[in-house]
Structures are given as structure tokens and as C-alpha cells.
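Below are the chains, spelled out letter by letter.
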Amino acid sequence: MKKILLSILCAIMIVGLAGCGNSNNTDLTENNDNLNNSENQNSKTDFSNKLTFMGYDISYPSDAGKNSSDYGNLLGTSEYIVIVEAPSTAGILKEVSNINDAPKVVEEYVLSTLEHKVRSLFNFDSTEQITEKTTKTTKNGIEMLRAEGVFKNTRDNTEVEFVAYYLLAGDNGNMPVYLVGIPMKDSTISIKNIMDEMSSHITKYKG
């Protein structure tokens, strides 16, 4: 009888320990998930730099530099460059009634900047913009047109991917503003991620 009772007690203890082990494993998994989520949040780019341009506040990565261009500014690092421009800053009053028309209207100014400022990738009068996809979106109450595709260097027969966002500015809301991002040679970053996150930090200037 004692042996039977002893066996039952041992069986209960083993089941109890097994239950405790499962509970600890669940807690450990949850803790690891929370840690991974925390690390993912902390790994997001720091957009603490700010550029006020054409009625918009445009935040950009803290490690990016800023230089002027003929129609606005160039932002970026050795990994990528973002052109933030509007022809109207140079007195060229290009107007559009529909944001879908913006890419074609400002294309020549984008190509001009690439050929004059990014000579490691582009040659004069040898660049084509091939837009593969456009999507209308609204972020922070601002209507934007997102475009992606490639810039082709027809002289060297090379291609560079791009992601661009087009906005409208001015008193009548009909002057195109563009943010065009491209990776530099041997870049390891995702230009899509940078541009999509950067566009989410654009707000209307409130003074």
C-alpha cells in the first residue's frame, strides 16, 4: 500500500514540475518577443533633422547632410541622396491642376539635378526616367503621389532605382514639390524604406 501511495505522489510531483517548466518557457518566449519588439522600435531611423521648404516641415535622418541645389536641397549620406526641390524656387512657375501630372511636369528638373550633382552615376544629356508604378496616398493630412522606377544612364547603359514623393504647394496648391531618393553606388540601404519613412514625417509648416 505504501509503495502505491509513494508512486502516486511521485507521479503528481513529476506532472507539477512539467507544468512549471511549460509556464517558464511561455514566459521566456513572451519576454523574448517583447525584447525583439523593443529592439525593432529602437532600430528605427532617427529623423531629428528638419528642413522647412515650400510650406512643409520635412524631417530627415540625423546622420544625413544638407547641401543646396539649383531648385532646393540635397539631403543624404554616402549611402543615398534625396533631392528636395521645386522649380518655383528658381522662379520657374510650373503649375498642375492634378498631382498625377507632377512627375512629367518636373522631370527635366530632376534629371538636370542628377546630371549636375551626381556625376558618379549620371552623364550630361544621357538620363531617362522610367516610372514603373505610382500611387496616391495621404499622410498627415497631405495628399502625395508616390512613384517608383529607375533612372537609366543611356550612355553607360546602367540603371539606378528611385522612390519619389510629389506634393503640391503654393497659395493655390498647384506648384509641384518633389522628394526623389536614390541609392549611391555599392549602397546597402533600402531607399524604399528611407523614403517611405521620411514621407511619414512630412507635416504642413505652422510657423
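Only a predicted model underlies this, so the values are computations on that prediction, with no experimental measurement involved.

### Here we look at the sheet that holds strand β8 (residues 158-169)
- Ordered by their spatial adjacency, 7 strands build an open sheet running β3-β4-β5-β9-β8-β7-β6, and the pairing between neighbours is antiparallel. Strand pairing shows two members of the sheet lacking a second neighbour, β3 (65-69) and β6 (127-139), which therefore form its edges. Geometrically, the sheet is characterised by an average inter-axis angle of 20° between neighbouring strands, direction not taken into account.
- Sheet topology places β3 next to strand β4 (residues 72-76); 5 bridges connect them, and they run antiparallel. Bridge pairing links Ser68 to Asn73 in β4.
- Set on the sheet, helix α2 (residues 102-117) makes contact with β3, β4, β5 (80-85), β6, β7 (142-153), β8 and β9 (175-183); between it and β9 the angle comes to about 45°.
- Packing against the sheet, helix α3 (residues 191-199) makes contact with β4, β5, β6, β7, β8 and β9, and its axis sits at approximately 5° to β8.

### Overview of the pairing of β8
- Most of β8 sits inside the fold, with 9 of its 12 residues counted as buried.
- Pairing analysis gives 9 bridges linking β7 to β8, with the strands arranged antiparallel. Looking at the pairing, Val150 lines up with Glu161 of β8.
- The hairpin formed by β7 and β8 contains 4 residues between the paired strands, and Asn157 there has a positive phi angle of roughly 55°.
- Between β8 and β9, which pair antiparallel and follow one another directly, the connecting turn spans 5 residues, one of which, Gly170, has a positive phi of 90°.

### Side note on the pattern of salt bridges
- Inspection of every chain in the model, using the stated rule, returns 5 salt bridges.
- Here Lys136 ties to Glu143 by a salt bridge, and the two come within 3.7 Å at their closest N and O atoms.
- Here the salt bridges do not stand alone but share partners, grouping Arg146, Glu148, Lys192 and Asp196 into one network.

### Some remarks on the packing of aromatic side chains
- What the rule picks out here adds up to 3 aromatic pairs.
- Both rings, one in Tyr71 and one in Tyr109, keep their centres 5.3 Å apart while their planes meet at 80°; by these two values the pair is edge-to-face. In this pair, Tyr71 is assigned in the loop between β3 and β4 and Tyr109 in helix α2, connecting sequence segments 38 residues apart.
- The interplanar angle of 90° and the centroid separation of 6.2 Å between the aromatic rings of Phe122 and Phe151 together place this pair among those described as edge-to-face. Here Phe122, found in the loop between α2 and β6, pairs with Phe151, found in strand β7; they are 29 residues apart in sequence, far enough to count as distant.
- We note Arg119 situated over the ring of Phe124; from NZ or CZ to the ring centre the distance is 4.0 Å.

### Some details on α2
- Across its 16 residues, α2 extends 22 Å between first and last C-alpha, which sits within 8% of the 22 Å expected from 1.5 Å per residue.
- The principal kink in α2, of about 40°, is found at Glu108.
- Considered for burial, the residues of α2 that qualify are Ala102, Pro103, Val106, Glu107, Tyr109, Val110, Leu111, Ser112, Thr113, Leu114 and Glu115.
- The elements touched by buried residues of α2 are β4, β5, β6, β7, β8 and β9.

Rules used in this analysis
- Residues numbered from 1 in each chain as written.
- Predicted model: local features only at pLDDT ≥ 70, side-chain atom pairs only at ≥ 80, totals over all residues.
- Heavy atoms only, no water.
- Pairing = 2+ DSSP bridges.
- Helix = DSSP H or I, 4+ residues; strand = E, 2+ residues; numbered from the N terminus.
- Axes fitted to C-alpha atoms, helices over the stretch in contact; angles between N-to-C directions.
- Contact = heavy atoms within 4.5 Å.
- Buried < 20%, exposed > 50% of the residue type's maximum accessible area, 1.4 Å probe, protein only.
- Salt bridge = Lys/Arg side-chain N within 4 Å of Asp/Glu carboxyl O.
- Phe/Tyr/Trp six-rings, centres within 6.5 Å; stacked < 30°, edge-to-face > 60°.
- Lys NZ or Arg CZ within 6 Å of the ring centre and 35° of its normal.
- Expected span 1.5 Å × (residues − 1).
- Bend = angle between axes of the 7 residues up to and from the residue.

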